[in-house]
Amino acid sequence: MQKNNDHRSHEEQKRALLRDGEFYRAGLAHARAQIKHAARPDVMFHTVIDHASWALRARADTLLKPTGTSVTALAPYALTVLGFIRKRKLGKPALGIAALAGVAAWYVQRKRAQHMAY
């Protein structure tokens, strides 16, 4: 009777090994296909753009953290403003205003840092 159980367990082990081998081969084929897909120039370009945009967004979120807001919260308002600027063809004046606001923010931050040093 035990010999029959040994035989069955041997057959079960054999099926399990064959099943594991099939999973391994399927995983290997999937990995090869992924590598082949990721090596295409257009996919590489999109990956670079995704990483760059993620890095910029992470930096912007870090800068906005003290204010209690994030890029996600401000995006709808920014898109509305950009749409308005684009419709009215106010690109150059808006760029000038943004540059002035940046210089003013830099100046205020510099003055604040000098004031804190004393």
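Every value quoted in this text rests on a predicted model; they were computed, and no experiment measured them.

A. Region of interest: a nonpolar patch on the surface. A surface patch of nonpolar side chains, about 420 Å² in accessible area, is lined by V103, W106, Y107 and V108. Assignment of secondary structure puts Y107 in helix α4 (residues 91-117).

B. Expanded view of helix α3 (residues 71-88). Helix length check: α3, at 18 residues, gives a terminal C-alpha distance of 25 Å against a target of 26 Å (1.5 Å per residue), a fit within 8%. With its phi angle positive at about 55°, K89 sits one or two positions after the end of α3.

C. Just the pattern of salt bridges, in detail. All chains considered together, the criterion is met by 3 salt bridges. Between R57 and D61 there is a salt bridge, and its shortest N-O distance comes to 3.8 Å. One end of the pair is R57 and the other is D61, both in helix α2 (residues 41-64) and 4 residues apart, which spans about a single turn. In this structure D61 comes out as partly exposed when scored by relative accessible area, which is 26%.

D. The environment of V43, seen in detail. Structurally, V43 is set in helix α2. In this structure, the C-alpha to C-alpha distance between V43 and V71, residues 28 residues apart in sequence, is 26 Å. Among all residues touching V43, those that are not within four sequence positions of it are H37 and A38.

Conventions used here
Residues numbered from 1 in each chain as written. Predicted model: local features only at pLDDT ≥ 70, side-chain atom pairs only at ≥ 80, totals over all residues. Heavy atoms only, no water. Patch = residues over 30% accessible without salt bridge, like charges linked within 9 Å, V, L, I, M, F, W, Y side chains within 5 Å. Areas by Shrake-Rupley, 256 points an atom, 1.4 Å probe, with all protein chains shown as cover. Salt bridge = Lys/Arg side-chain N within 4 Å of Asp/Glu carboxyl O. Helix = DSSP H or I, 4+ residues; strand = E, 2+ residues; numbered from the N terminus. Expected span 1.5 Å × (residues − 1). Buried < 20%, exposed > 50% of the residue type's maximum accessible area, 1.4 Å probe, protein only. Contact = heavy atoms within 4.5 Å.

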